[in-house]
Amino acid sequence: MKYSTLVTFIRGQFNTDQFIPLHEPRFYGNEKKYLIDCIDSTFVSSVGKYVDDFEKRLAEYTGAKYAVACVNGTAALHISLIAVGVKQNDIVITQPLSFIATCNAIAYIGASHLFVDVDFDTMGLSPEKLKIYLQEFAIKKEDGFSYHKITDQKISACVPMHTYGHPCRIDELADICNYYNIVLIEDAAESIGSYYKKKHTGTYGLIGTLSFNGNKIITSGGGGAIITNDEVLAKKVKHLTTQAKVPHRWEFVHDDIGYNYRMPNINAALMCAQLEQLNYFLENKRKLALSYKDFFKEEDIQFVEEPAHSKSNYWVCAILLENRKKRDEFLQFTNDNGVMTRPTWILMNKLIMYKNSLHGNLDNAQALEDRLVNIPSSVRI
Ligand SMILES: *Cc1c(COP(=O)(O)O)cnc(C)c1O
């Protein structure tokens with residue numbers, strides 16, 4: 001296809017001849033009202049009603065029993081890994097196709113990465129590839145845990161990611177992790193509002209983590225959250241994110257090495273207003289995704305649709321070019337013409353920090369790196 005036809009189409013969708021970004025936040029609801037209320041109350045920081053309110057509303061929305069607000073999604077991942085007991089030198093399984101935060105959180109613990117390929121259709125960790133890898137390299141010891149046959153490290157957790165909001169085959173991953181006694185933590189940073197087999201992403205694992213960074217579907221400026229159905233874990237996470245302070249009327253008692261990972265009340269105020277609009281945003285974005293799907297139907301460019309058995313939030317829409325050369329031509333043309341497009345992430349196992357990590361066959365991730373491009377996906381006014 002001629003790329004200029006697509007640029008014209010995208011301009012039509014967003015009804016502008018100005019620069020079109022990839023994903024912009026929208027503040028159409030009670031944002032200003034809640035922010036003013038928050039400032040007037042003086043409770044802008046570590047205590048205040050908006051944090052509690054947001055946690056309650058988020059739990060309700062996702063169907064998780066508990067939600068704990070965090071300062072950002074990376075901190076949510078870090079604290080989750082600590083809370084489930086991942087230790088230095090353990091192995092944590094994750095996918096090579098993800099935003100850097102997933103890998104960094106694992107590195108903060110001093111754990112080793114093990115990269116398992118993604119499925120081509122979901123772009124998330126592949127149950128089939130995971131099973132193949134574990135059958136070859138995992139051994140269950142008397143303590144009930146799985147260890148790596150070659151390095152003898154404990155394989156303690158698995159962190160799949162729901163790429164661009166499209167759910168991965170999370171039920172199958174949960175079964176495999178259960179069999180090998182590996183804790184499942186879902187990086188659902190990109191997938192609020194996405195469902196797999198009618199259950200919200202992030203609720204299949206022992207813990208799910210979310211992000212509310214400015215580029216996500218709803219934002220608190222910076223923010224994140226942990227969702228779980230496990231009461232003990234929820235309490236532990238809340239404790240660890242709030243400096244592990246033991247409640248007391250005046251004494252400063254701390255009973256663990258805690259973190260200052262709580263979400264400030266002023267961010268939570270913004271979050272409450274954003275959450276109220278989430279369903280409208282989702283509908284709006286789904287319409288755009290359907291328009292894209294329709295547009296690309298007859299073309300040699302493939303639109304990435306939501307996988308089977310799932311409802312995606314279509315956070316950022318993605319297309320597949322024929323090969324890397326076409327991808328680069330496309331990126332050049334669109335960005336030269338005021339339409340922001342981006343390639344997917346360089347695979348984590350190629351970055352200097354993670355290049356010596358263990359990995360299986362990564363063909364699907366490589367094909368996606370070569371071919372995938374994100375196109376403008378903001379909620380339309
Ligand atoms: C956005 C994101 C995060 C966390 O991001 P923060 O900016 O720390 O909120 C983690 N993982 C993935 C896959 C993400 O896209």
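Figured I'd write up the structure that's included with this text. Given the structure is predicted, the values throughout are model-derived calculations rather than measurements.

### Side note on the sheet that holds strand S2 (residues 91-94)
Phase 1: Ordered in space as S1-S11-S10-S7-S6-S2-S3-S18, the 8 strands form an open sheet in which the pairing is mixed. Two strands bound the open sheet, and with one partner strand each, they are strand S1 (66-70) and strand S18 (358-359).
Phase 2: Contacts from helix H3 (residues 49-62) reach S1, strand S10 (207-211) and strand S11 (224-228), with the element oriented near 130° to S1.
Phase 3: Packed on one face of the sheet, helix H5 (residues 100-109) meets S2, strand S3 (112-115), strand S6 (155-159) and strand S7 (183-187) and runs near 145° to S3.

### So, the site of the ligand
Phase 1: Taken together, 15 residues lie around the ligand, and Gly73, Thr74, Glu190, Ser211 and Lys216 are the ones closest in.
Phase 2: At 2.8 Å, a side-chain N or O of Asp187 approaches a nitrogen atom of the ligand.
Phase 3: Protein chains shield 93% of the accessible area of the ligand, which is 380 Å² for the free molecule.
Phase 4: In this structure the site holding the ligand corresponds to the largest pocket.
Phase 5: Elements supplying a minimum of two residues to the shell around the ligand: helix H4 (73-83) and H5.
Phase 6: Here the residues of the shell around the ligand are counted per class, giving 4 nonpolar, 8 polar and 3 charged.

### Points about the pattern of salt bridges
Phase 1: All told, the structure shown has 20 salt bridges when counted by the stated rule.
Phase 2: Shared partners join several salt bridges into a network, and the residues in it are Arg324, Lys350, Glu369 and Asp370.

### Some words on the sheet that holds strand S9 (residues 199-200)
Phase 1: Ordered by their spatial adjacency, 3 strands build an open sheet running S9-S8-S15, and the pairing between neighbours is antiparallel. Single-partner strands in this sheet number two, and they are S9 and strand S15 (310-311).
Phase 2: As judged from the 2 bridges shared by strand S8 (residues 195-196) and S9, these two strands associate in the antiparallel manner. Considered in S9, the bridge of Tyr195 is made with His200.

### Let's talk about H5
Phase 1: Where H5 is concerned, the buried positions are Ala101, Thr102, Cys103, Ala105, Ile106 and Ile109.
Phase 2: Gly110 sits one or two positions beyond H5 and adopts a positive phi of about 85°.

### Details of the side chain of Glu31
Phase 1: Looking at where Glu31 falls in the secondary structure, it is placed in helix H2 (residues 31-41).
Phase 2: Here Glu31 occupies a buried position and makes no salt bridge, while the nearest side chain of opposite charge, Lys32, is found at 8.3 Å.
Phase 3: One polar contact links Glu31 to Gln274, side chain to side chain, over a distance of 2.8 Å.
Phase 4: Within polar-contact distance, the side chain of Glu31 engages the side chain of Gln277 at 2.6 Å.
Phase 5: The residues contacting Glu31, other than those within four sequence positions of it, are Arg26, Leu270, Ala273, Gln274 and Gln277.

### Considerations on the environment of Ser46
Phase 1: Residue placement: Ser46 occurs in the loop between H2 and H3.
Phase 2: What makes Ser46 partly exposed here is its relative accessible area of 37%.
Phase 3: With 290 residues separating them along the chain, Ser46 and Asp336 place their C-alpha atoms 44 Å apart.

### A few points about the pairing of S1
Phase 1: Where burial is concerned, most of S1 is hidden: 4 out of the 5 residues are buried.
Phase 2: Pairing of S1 with S11 involves 5 bridges; the strand directions are antiparallel. What sits directly across from Cys70, in S11, is Gly224.

### As for the layout of surface pockets
The rolling of a water-molecule-sized probe over the atoms marks out the regions of remaining empty space.
Phase 1: Roughly 510 Å³ of volume is contained in the largest pocket.
Phase 2: Along its surface, the largest pocket is lined by 30 residues, and Phe99, Asn215, Lys216, Trp315 and Trp345 are the ones closest to its centre.
Phase 3: For the lining of the largest pocket, the elements supplying multiple residues, two or more each, are H4, H5, S10 and strand S17 (342-343).
Phase 4: Residue classes in the lining of the largest pocket are distributed as 14 nonpolar, 12 polar and 4 charged.

### Regarding empty space enclosed by the protein
Phase 1: Tallied over the entire structure, the rule returns 2 cavities of 30 Å³ or more.
Phase 2: Roughly 40 Å³ of volume is contained in the largest cavity.
Phase 3: Considering the residues around the largest cavity, the lining is formed by Thr122, Pro167, Arg169, Tyr196, Pro307, Ala308 and His309.
Phase 4: By residue class, the composition of the lining of the largest cavity is 4 nonpolar, 2 polar and 1 charged.
Phase 5: Each pocket or cavity is described by its volume, and for the second largest cavity that value is around 30 Å³.
Phase 6: Forming the boundary of the second largest cavity are His23, Glu24, Pro25, Arg26, Lys216, Ile217, Ile218, Thr219, Gln274, Phe281 and Val379.
Phase 7: For the lining of the second largest cavity, a count of residues per class yields 5 nonpolar, 3 polar and 3 charged.

The rules behind these values
- Once a new chain begins, its residue numbering starts again from 1 and follows that chain's sequence as written.
- Under the rules for a predicted model, residues below a pLDDT of 70 receive no local features and side-chain atom pairs below 80 are neither given nor counted, while totals for whole chains, interfaces and linings still include all residues.
- Only hydrogens and water are removed before side-chain values are computed, so all heavy atoms of the structure are retained for them.
- Note on pairing: two strands pair once DSSP finds at least 2 bridges between them.
- Only runs of H or I of at least four residues qualify as helices and only runs of E of at least two qualify as strands under DSSP, and these elements are numbered from the N terminus.
- Working rule for contacts: check all heavy atoms of both residues, and any pair within 4.5 Å makes them a contact.
- Helix axes are fitted only over the stretch in contact, all axes being lines through C-alpha atoms; the angle between N-to-C directions runs from 0 to 180 degrees.
- A single heavy atom is enough: if one lies within 4 Å of a molecule or strand, its residue is considered near that molecule or strand.
- The definition of a polar contact used here is a pair of N or O atoms within 3.5 Å, where within protein one atom must be able to donate a hydrogen and the other to accept one, and adjacent residues in sequence count solely through side-chain atom pairs.
- Methods summary: accessible areas were calculated by the Shrake-Rupley approach with a probe of 1.4 Å, and residue burial reflects only the protein chains presented.
- Within this scheme a cavity is a closed region of a 1 Å grid, computed over the protein atoms alone, that accommodates a 1.4 Å probe without allowing it to escape, whereas a pocket is open but has protein on both sides within 12 Å along at least five of seven lines; lining residues each have an atom within 4 Å of a point.
- For this analysis, a molecule is said to be in a pocket or cavity if more than half of its atoms are within 2 Å of the grid points defining it.
- Charged residues are taken to be Asp, Glu, Lys and Arg, nonpolar residues to be Ala, Val, Leu, Ile, Met, Phe, Trp, Tyr, Cys and Pro, and polar residues to be all remaining types, Gly included.
- The salt bridge criterion pairs a side-chain nitrogen of Lys or Arg with a carboxyl oxygen of Asp or Glu, the two atoms within 4 Å.
- Accessibility here uses a 1.4 Å probe with only protein chains present; expressed as a share of the type maximum, an area under 20% marks a residue as buried, one over 50% as exposed, and anything in between as partly exposed.
- Only four residue types enter the charge count: Lys and Arg as positive, Asp and Glu as negative, with His and the chain ends excluded.
- Grid points are joined across faces, edges and corners, and a volume is the space filled by probe spheres set on the points.

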